[in-house]
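As a plain string of letters, each chain reads:
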Amino acid sequence: MMGHNAYLWLVQKVVPDTDILALLPVEQRDPVLQQAFTHMVDSAQQRLIVLVGADDWGQARKAADAYSAVLMAHPALFESTAAMSEQTQADWLGPSQQMRLSLLTAEQQKLLLEKSPSYWVETALQQLYSPFSGPKLGAWQDDPFGLFTGWVQARAQETPVRPRDGHLFVEANGRQYAMLLLTLRQPAFSMATQQAVLPLLDAAAKSARGEVPKVELITAGVVLHAGAASAQASSEMSTIGVGSLLGIVLLMWLTFGAFRPIGLIVLSIAIGCLGAFSICWLIFGRVHLLTLVFGASLIGVAQDYGIYFLCSRAGSDKALTSAQLLLRLLPGLALTLAAAVIGYIGLALTPFPGLRQMAVFSVLGLVFAWLTVICWFPALVQASTLKETRFAAWLGASRHHWPLLRLNRGTLLAALLFGIFAVTGLMRLQVNDDIRSLQTSPKKLLDDQIKLSKILDAPTPVQFYLVRGDSAEQVLQREEALRLRLDPLIGRHIISGYQAMSNWTPSMRVQTANRVLTEQALFSADGPLKALATQLGEDDSWIAQMRARALSRPAAAGVGLTPDAFLKTAASEPSRHLWLGKIADGHGNSYASIVALRGLDNYANLPLLQQTAAHLDGVQWVDKVSEISSVLGDYREYMGTVLLGAYVAIYLLLFGRYRYAAWRVLTAPALASIATLALLGIIGQPLQMFHVLALMLILGLGVDYGIFLQEKTDKSNHGARFAWLAVCLSAVSALLSFGLLALSGTPPLHAFGFTMLIGIAVVWLIAPCFSQMKET
């Protein structure tokens, strides 16, 4: 088992699966949607954008060069960005320019249909003589009516970024910015990448400020947020983790006066985790990251087996051998394992692959840890191995101070107060599965991200339209149908615009219609060309030359601009993430593209955007934030259902041994869970999946405590004190291991830790009240 783990981690260098869609049921997964999301996220998460701003363009460019020089000295970390030469800028729109007759904006189509030839003559003369007619592309003879120039200007509105002096340039709020577009070579979520890249960015910023002290630097990228999260996690691990470890070690030392018991408990947990990972990998072929996080709860449950054996050993007659002691403890130990396994088997019956994997991992881990205690501990621990310390004696004897549940006035008053508290809290309890509530990036990063998004008017990678079709032509036609519905939303300022491949390469149907429309409106025998020649004093040969110059383009020969041809140009670079092309969808091959939205900052409009795609063939609204939040919500609901089912199943299991006293085992964790939920409602903390996850662990631990106490009910029995000692050690260890996570600044860890802190504290305090203490 250890060899297999060493092979996986050291030779295969396996990494946990982080794809949250892998947790969905197979029938709910859409391979094309999955590829689209991966396509968008991959292109976004490896990007790092830096805006280097100054009052003067020369200063901004100087600082940007200093910034780039530091980063480009490390080609292993960043992909080199090709210099934007004059030739590159000249070739920017080459293929599109060849197809100019086929490329029209919606406004130009309307003008060609409605305006008279004289309007176009006037337009051509303004293009030729007026110094204020705007920028021109190429010779006037190639575009006398300014249609191609107008089309390019419309395309340029999709982004405020422009090439300038070999840099990317953008202007906002009176400042000049040089934009650096960086691509990481290594995964952004890799801690090694973060540790290598983030110091370099600091050094680059220092270099830029050395050149221009007042330079403004706006940086955005997934690696920054991932690095901040890693740094926060490392900091918390070094404080909370070390603190809880020292606390547990001190507790065990005070109890047993030796380190050996600590080593034995760690051994059982380690074998449980390694065995679970090894077999899970053999079964599933991969292990999800959430499975490992959930598997960490094994520490809280698996340690109980070892603690119970060690405390019983310390409190038993020295003449009793460890093998004989094990036979006495075996019914209770078997019951604790069975109760825990029942809860996890409930998860395995849900339709979610992720939950099934978590359940298998947890069951295997518990079984391996349990077997370690059963098989190894009797051989490794003898009566002489452990001794009873003063602390252990005092803690074990403290059970006598606990009140027992009786039908009297005090019990009724306590029940009444608890009922009022529970009802009040549960009525206020809210639910929030929004994944955005789990994000805690530093304010500086969020401010930079918002500022950069506004300056660049960048599209969001998590909300978009997925367009599919049997051919590239069908996809483009469906995009064009969608655009007709999106254009009114721009006028209503719901979105500022959109990016679509059909903006750059219309469907062949539209290209053909555009070409016919242009030829008829501008280059026909009775079109404006003749009147224009008269105004310019030209003869018929000039008209023939102009017509031949326009109609000899490839577009006139029945050749259109295709997405594949466009993607080979430099101008396509900002739009390449939109085209998925030919992909396998499980039923054959299809084509797909993405229509990305810009300027979306009001989430209340998301239903309207979803409705916009309604009844459009091949068009699907994709909102990954809502989808992932929905997955978390489904998990919360299923876990809640499984939790309730586990209580019933465990009660039936306990009934076989304790009969009508079985409720005494389950009542403490049940009341502790209700108290925790009520407290969440009173303090206004909404319920989420991580709270329910902790409630399952509270059930597992609470049942262990109840069984330990129920197995030793004789008040004069020396072993009864050590059953209570085992409960105390387990509870304090759980509080130190998980309860301190309530101090974490990471929302999921805080939610899990807070639930454990309240739940375990309550179940620990009230569990003795429900036990049966017999006077002998």
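Residues numbered from 1 in each chain as written. Predicted model: local features only at pLDDT ≥ 70, side-chain atom pairs only at ≥ 80, totals over all residues. Heavy atoms only, no water.

Section: the overall build of the chain
Applied cut-off: Under the scheme used here, helices are H or I runs from DSSP no shorter than 4 residues and strands are E runs no shorter than 2 residues, and both carry numbers assigned from the N terminus. Relative accessibility thresholds used throughout: buried, under 20% of the residue-type maximum; exposed, over 50%; partly exposed, between the two (1.4 Å probe, protein chains only). Throughout, a contact is declared for two residues whenever any of their heavy atoms are within 4.5 Å. Reported accessibility uses the Shrake-Rupley method at a 1.4 Å probe radius. Residues are deemed covered only where the shown protein chains occlude them.
Within the chain, the regular secondary structure consists of 30 helices and 10 strands. When the 776 residues of the chain are sorted by exposure, 51% land in the buried category. Sequence-distant contacts, at least 24 apart, represent 81% of the contacts inside the chain between residues at least 6 apart. Of the accessible surface of the chain, which amounts to about 34900 Å², a share of 61% is contributed by carbon and sulfur atoms.

A closer look at the pattern of salt bridges
Pairing is possible between side chains that carry opposite charge, provided their charged atoms lie close to one another. Basically, it comes down to this: In what follows, salt bridge is the name for a side-chain nitrogen of Lys or Arg lying within 4 Å of a carboxyl oxygen of Asp or Glu.
Inspection of the entire model under this criterion finds 9 salt bridges. As a salt-bridge pair, Glu211 and Lys62 come within 3.8 Å of each other at their nearest N and O atoms. Here the residue Glu211 occupies a position in helix α9 (residues 191-211), and Lys62 occupies one in helix α3 (residues 57-72), the gap between them amounting to 149 residues. Take Glu211: its relative accessible area is 39%, and that puts it in the partly exposed class.

Here's the deal with the nonpolar core
Put simply, the rule is: Residues belong to one nonpolar core when they are buried, are Ala, Val, Leu, Ile, Met, Phe, Trp, Tyr or Cys, and are joined through side-chain atoms within 4.5 Å.
Counting residues in hydrophobic clusters, the biggest one holds 105 residues, and the most contacted among them are Tyr305, Leu654, Met756 and Ile760. The contacts of Leu654, once residues within four sequence positions are left out, are Leu335, Arg659, Ala662, Val665, Leu666 and Ile707. Val50, Ala63, Leu71 and Ala178 belong to the second-largest nonpolar core, a separate cluster that totals 31 residues.

Here we look at empty space enclosed by the protein
Formally: We place a 1 Å grid over just the protein atoms. Points where a 1.4 Å probe fits but has no way out form a cavity, open points with protein on both sides within 12 Å along at least 5 of 7 lines form a pocket, and any residue with an atom within 4 Å of a point lines it. Grid points are joined across faces, edges and corners, and a volume is the space filled by probe spheres set on the points. Residue polarity is assigned by list, with Asp, Glu, Lys and Arg as charged and Ala, Val, Leu, Ile, Met, Phe, Trp, Tyr, Cys and Pro as nonpolar; anything else, Gly included, falls into the polar class.
Evaluated as defined, the whole model comprises 9 cavities of 30 Å³ or more. Within this model, the largest cavity holds a volume of roughly 170 Å³. Looking at the largest cavity, it is lined by 18 residues, and the ones nearest its centre are Arg100, Leu101, Asp142, Asp143 and Phe523. Elements with a contribution of two residues or more to the lining of the largest cavity: α8 (147-156), α21 (508-522) and α23 (540-551). Broken down by element, the lining of the largest cavity gets its largest block of residues, 3 residues, from α23. In terms of residue class, the lining of the largest cavity is made up of 11 nonpolar, 2 polar and 5 charged. Taken as a whole, the second largest cavity encloses approximately 100 Å³ of empty space. In this structure, the second largest cavity is lined by Val301, Ala339, Ala340, Gly343, Tyr344, Ile650, Met696, Leu699 and Gly700.

Here we look at unusual backbone geometry
Non-glycine residue Asn173 carries a positive phi angle of around 55 degrees. Phi at His615 takes a positive value of approximately 65 degrees, unusual for a residue other than glycine. Here His615 is to be found in the loop between α25 (606-612) and β10 (619-623).

As for a nonpolar patch on the surface
Using the following cut-off: Each patch is built from residues lacking any salt bridge and having more than 30% relative accessible area; the joining distance is 9 Å for like charges and 5 Å for nonpolar side chains (Val, Leu, Ile, Met, Phe, Trp, Tyr).
The grouping of Tyr7, Trp9, Leu10 and Val11 at the surface amounts to a nonpolar patch, some 430 Å² of accessible area in total. Relative to the helices and strands, Trp9 is located in helix α1 (residues 2-11). Residue Trp9 is classed as partly exposed on the basis of its relative accessible area, which comes to 37%.

Some remarks on the environment of Ile495
Looking at where Ile495 falls in the secondary structure, it is placed in the loop between α19 (472-491) and β7 (497-499). Residues Ile495 and Leu600, spaced 105 residues apart in sequence, show a C-alpha to C-alpha distance of 5.2 Å. Those residues within four positions of Ile495 in sequence are excluded, and the remaining contacts are Leu486, Leu489, Ile490, Leu597, Arg598, Gly599 and Leu609.

Some details on the layout of surface pockets
The volume enclosed by the second largest pocket comes to roughly 1100 Å³. Leu104, Thr105, Ala106, Glu107 and Ala154 are the residues nearest the centre of the second largest pocket, which is lined by 43 residues in total. Of all the elements in the fold, those that place two or more residues in the lining of the second largest pocket are α6 (106-114), α7 (117-129), α8, α19, β7, α20 (501-504) and α21. Its residues assigned to classes, the lining of the second largest pocket comprises 16 nonpolar, 18 polar and 9 charged.

Side note on α23
Note the threshold: A helix is expected to span 1.5 Å multiplied by its residue count minus one. Arc definition: it is the arc formed by the directions from the helix axis to the C-beta atoms.
Compared with the 16 Å implied by 1.5 Å per residue over 12 residues, the 16 Å span of α23 between its first and last C-alpha is a close match. Burial in α23 covers these residues: Trp542, Ile543, Met546 and Ala550. Buried positions in α23, seen along its axis, are confined to an arc of 100 degrees and lie on one side of it. Along α23, exposed side chains directed more than 90 degrees from the buried face belong to Asp540 and Gln545.

Examining the sheet that holds strand β2 (residues 162-164)
Pairing between the strands of a sheet is mediated by backbone hydrogen bonds and can be parallel or antiparallel. Heads up, the rule is: The pairing criterion for strands is at least two bridges between them, as found by DSSP. In this description, a line fitted to the C-alpha atoms serves as the axis of each element, helices being fitted only across the stretch in contact, and the angle between N-to-C directions of two axes falls anywhere from 0 to 180 degrees.
With respect to topology, 5 strands assemble into an open sheet ordered β2-β3-β4-β1-β5, the strand pairing being antiparallel. In this open sheet, the two strands that pair with only one neighbour each are β2 and β5 (216-221). Averaged over all neighbouring strand pairs, the angle between strand axes comes to 35 degrees, with direction disregarded. Where strand β1 (residues 47-54) lies against β5, 6 bridges are found, and the strand directions are antiparallel. Note on β5: the bridge partner recorded for Val52 is Leu217.

Section: the packing of helix α27 (residues 663-683) against helix α28 (residues 689-711)
Heads up, the condition is: An angle counts as roughly parallel when it lies under 35 degrees, as roughly antiparallel when it exceeds 145, as roughly perpendicular when it falls between 65 and 115, and as oblique in every other case. Helix crossings get a hand from a simple test, with the near helix turned counterclockwise from the far one by less than a right angle marking a left-handed crossing and a clockwise turn marking a right-handed one.
Interaxial distance between α27 and α28 falls to 7 Å at its minimum, and their mutual angle equals 150 degrees. Classed by the angle they form, the pair α27 and α28 counts as roughly antiparallel. Of the two elements, α27 crosses α28, and the hand of that crossing is right-handed. Facing Arg664, Val665, Leu666, Pro669, Ala672, Ser673, Leu677 and Leu680 of α27, the residues of α28 in contact are His691, Leu695, Ile698, Leu699, Gly702, Val703, Gly706, Ile707 and Gln710. When its residues are assigned to classes, the contact of α27 with α28 shows 11 nonpolar, 5 polar and 1 charged.

A word on the packing of aromatic side chains
So the rule is basically this: Centres within 6.5 Å are what make two rings of Phe, Tyr or Trp a pair, Trp counting through its six-membered ring; a difference in plane orientation under 30 degrees is then read as stacked, over 60 as edge-to-face, and the rest as tilted. To sit over a ring, a charge needs its Lys NZ or Arg CZ within 6 Å of the ring centre and within 35 degrees of the ring normal.
If you walk through the whole model with that rule in mind, you get 17 aromatic pairs. Taking the centre distance of 5.7 Å and the plane angle of 20 degrees together, the rings of Phe148 and Trp151 count as stacked. Here Phe148 pairs with Trp151, and both are found in helix α8, just 3 residues apart, close to one helical turn. The class for Trp151 is buried, based on a relative accessible area of 1%. Look at Phe391 and Trp394: their rings are 6.0 Å apart centre to centre, the planes differ by 40 degrees, and that puts the pair in the tilted class. Of this pair, Phe391 and Trp394 both sit in helix α16 (residues 390-397), 3 residues apart, which is roughly one turn of that helix. On the basis of relative accessible area, Trp394 is assigned to the exposed category, the value being 56%. Three or more aromatic residues link up through ring pairs in this structure, and these residues are Tyr119, Trp120, Phe145 and Phe523. Directly above the ring of Tyr119 sits Lys115, whose terminal nitrogen or CZ lies 5.3 Å from the centroid.

Quick word on the confidence of the model for the chain
The cut-off we apply is this: pLDDT measures how confident the predictor is about each residue, on a scale from 0 to 100.
When pLDDT is averaged along the chain, the result is 82, and 87% of the positions lie at 70 or above. Per-element mean pLDDT across the chain ranges from 55 in helix α4 (residues 86-90) up to 95 in α27.

Structural notes on the pairing of β5
Both faces of the sheet carry side chains from a regular strand, because those side chains alternate between them. Buried residues dominate β5, accounting for 6 of its 6 residues. Side chains Glu216, Ile218 and Ala220 of β5 all project onto a buried face; the interleaved residues Leu217, Thr219 and Gly221 project onto the opposite face, where all are buried too.

Some remarks on the packing of α27 against helix α30 (residues 747-766)
Close contact between α27 and α30 brings their axes to 8 Å; oriented N to C, the two are set at 140 degrees. Judged by the inter-axis angle, α27 sits oblique to α30. Handedness of the α27/α30 crossing: right-handed. Residues Ala668, Pro669, Leu671, Ala672, Thr676, Leu679, Leu680 and Ile683 of α27 pack against Phe754, Thr755, Ile758, Gly759, Val762, Val763 and Ile766 of α30. In terms of residue class, the contact of α27 with α30 is made up of 12 nonpolar, 3 polar and no charged.

Regarding the pairing of strand β3 (residues 167-172)
Most of β3 sits inside the fold, with 5 of its 6 residues counted as buried. Pairing of β2 with β3 involves 3 bridges; the strand directions are antiparallel. By the bridge assignment for β3, Arg162 is matched with Phe169. Between β2 and β3, which follow one another and run antiparallel, lie 2 residues, and Asp165 among them has a positive phi close to 50 degrees. The pairing of β3 with strand β4 (residues 175-183) spans 5 bridges and is classified as antiparallel. Within β4, the residue paired with Leu168 across the bridge is Met179. Between β3 and the antiparallel strand that follows it, β4, lie 2 residues; Asn173 among them carries a positive phi value of about 55 degrees.

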